[in-house]
Amino acid sequence: MNGLEAGACMGLDPAGGRAAKTVFIDPGHGGLDPGVVGMAGGRQVLEKDVTLAVATRLASLLRADGYRVVLSRTADSSVAKLSTSDSVAGAMTGSAVHRDLVARTLCANAAAASVLVSIHFDAFDDPSVGGTETFYDPVRPFAADNKRLANDLQAAVVVALGTSDRGVWTDEQLSAPTLTAAGGQYGHLIELGPAAAGWVDSPSQMPGALIEPMFLTNSAEARVASQPAGQQKVAVALRAGLQKFFSGA
Ligand SMILES: [Zn+2]
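This report concerns the structure included in the present document. Quick caveat, the model's predicted, so the values are computed rather than measured. (Residues numbered from 1 in each chain as written. Predicted model: local features only at pLDDT ≥ 70, side-chain atom pairs only at ≥ 80, totals over all residues.)

Moving on, we get to the overall build of the protein. When helices and strands are counted, the protein shows six helices and 11 strands. Seen along its three principal axes, the alpha-carbon backbone of the protein occupies a region of about 45 × 40 × 35 Å. Put simply, of all contacts in the protein between residues at least 6 apart along the chain, 77% involve residues at least 24 apart. (Helix = DSSP H or I, 4+ residues; strand = E, 2+ residues; numbered from the N terminus. Contact = placed C-beta atoms within 7 Å.)

Next comes the structure, spelled out in structure tokens:
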């Protein structure tokens, strides 16, 4: 694929033997886009760092299980290559964020992945709020699989982390992350949603879900999310959720 940052859209072969399936893992944000900024033990916890750490760990687990993995990014960068006009005062413009999300979607399609898992962490004004939630798109032809994937990932993470179960939601129920007027009108997550001319010309072609395992605005959860042991726990849980999904149970 053209127009990508170094280390973006990287395919990783399974540890041994031939791959049965390809899993696309998308660590949210990156580069100029830190995502949520939380605090733990007096230090900042950036969503972009935590998503990459969890995604990298999940990739290792899945490769050991015989899956091929494609990561949307493997470094602290965007996926789409940015130019100077793509940022204002050090922050990505709305159109750059849009292009970055489209690039992630195109990468998943180019990988012919069986499944798309986007990893994010949550935020809320009230720091006492915590827990796990997962989003899927309900209007795709494979919406039933989207929902099953979302349920499997959500259940696995809630069990493993002991977080409060905030439930599984459709991406139409997302209120906050409308990047622009066009994004608000679209009413879906770019990586999960249907085609919309000029906005999402090539929608993702496989079941997908976006999971937010914890809130980085909750200091207890931010502490877990910032530590290698906590990141490994999330990765192991996501692997269990994927195993359940692939088993079709
Ligand atoms: Zn995010």
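From this point, the discussion proceeds with the structure in view.
This next bit is on helix α6 (residues 228–247). In a regular helix each residue adds 1.5 Å, so 20 residues correspond to 28 Å; α6 covers 28 Å between its end C-alpha atoms and thus fits that length. Residues Gly230, Gln231, Lys233, Val234, Ala235, Ala237, Leu238, Arg239, Gly241, Leu242 and Phe245 constitute the buried set of α6. Of the surrounding elements, those touching the buried residues of α6 are β2 (22–27), α1 (47–64), β8 (115–119), α3 (143–161) and α5 (219–226). Directly beyond the C-terminal end of α6, a positive phi value near 75° is found at Gly248. (Expected span 1.5 Å × (residues − 1). Buried ≥ 20, exposed ≤ 12 C-beta atoms within 10 Å, placed from the backbone.)

Further remarks concern the packing of α1 against α6. The contact between α1 and α6 brings their axes to 8 Å, and the two run at 50°. The orientation of α1 with respect to α6, classified from their angle, is oblique. You can see that α1 and α6 cross each other, and the crossing is right-handed. For the pair α1 and α6, contact is made by Val50, Ala53, Val54, Arg57, Leu58, Leu61 and Leu62 and by Gln231, Gln232, Val234, Ala235, Val236, Leu238 and Arg239, respectively. Across the contact of α1 with α6, the residue classes break down as 10 nonpolar, two polar and two charged. (Axes fitted to C-alpha atoms, helices over the stretch in contact; angles between N-to-C directions. Parallel < 35°, antiparallel > 145°, perpendicular 65-115°, else oblique. Left-handed = near helix turned anticlockwise from the far one by under 90°. Nonpolar A, V, L, I, M, F, W, Y, C, P; charged D, E, K, R; others polar.)

With that settled, the discussion passes to the packing of α3 against α6. At their nearest, the axes of α3 and α6 sit 8 Å apart, and the two run at 140° to each other. By the angle class used here, α3 and α6 are oblique. The two elements α3 and α6 meet at a crossing, and its hand is right-handed. Packed against α3, whose contacting residues are Arg148, Leu149, Asp152, Leu153, Ala155, Ala156, Val157, Ala160 and Leu161, the element α6 presents Lys233, Val234, Val236, Ala237, Leu238, Ala240, Gly241, Lys244 and Phe245 at the interface. In terms of residue class, the contact of α3 with α6 is made up of 13 nonpolar, one polar and four charged.

Side chains three or four residues apart in an α-helix point the same way, a direct result of the helix having 3.6 residues per turn. Those residues of α5 lying buried are Glu221, Ala222, Val224, Ala225 and Ser226. As for α5, its buried residues are in contact with β3 (37–40), β4 (43–46), α1 and α6.

A separate point is the pairing of strand β9 (residues 132–136). β9 sits mainly inside the fold: five of its five residues count as buried. The alternating pattern of β9 places Thr132, Thr134 and Tyr136 and Glu133 and Phe135 on opposite faces, both of which are buried. Of the strand pairs in this sheet, β9 and strand β10 (residues 165–170) are connected by four bridges, and their pairing is parallel. Considered in β10, the bridge of Thr134 is made with Val168. (Pairing = 2+ DSSP bridges.)

What follows covers the nonpolar core. The biggest cluster of nonpolar side chains holds 69 residues, and the ones touching the most others in it are Val23, Ile25, Val115, Val117 and Leu238. The leading source of residues in this core is α1, at eight residues. Beyond its immediate sequence surroundings of up to four residues, Val115 is in contact with Val23, Phe24, Leu149, Met206, Pro207, Gly208, Leu242 and Phe245. (Core = buried A, V, L, I, M, F, W, Y, C linked by C-beta atoms within 7 Å.)

Before going further, it helps to spend a moment on the sheet that holds strand β1 (residues 8–12). Across the sheet, which stays open at both edges, the seven strands sit in the order β1-β5-β2-β8-β11-β9-β10 with mixed pairing between neighbours. Of all the strands in the sheet, the pair left with one neighbour each is β1 and β10. In this sheet, neighbouring strand axes are inclined to one another by 20° on average, regardless of whether the strands run parallel or antiparallel. In this structure, β8 lies alongside strand β11 (residues 208–212), joined through four bridges in parallel fashion. Note on β11: the bridge partner recorded for Ile119 is Ile211. The sheet strands contacting α3 are β8, β9, β10 and β11, and the helix crosses β9 at an angle near 170°.

Pairing of β3 with β4 involves four bridges; the strand directions are antiparallel. Counterpart to Ala40 in the pairing with β4 is Arg43. Hairpin connection of β3 to β4: two residues between the antiparallel strands, including Gly41 at a positive phi of 55°.

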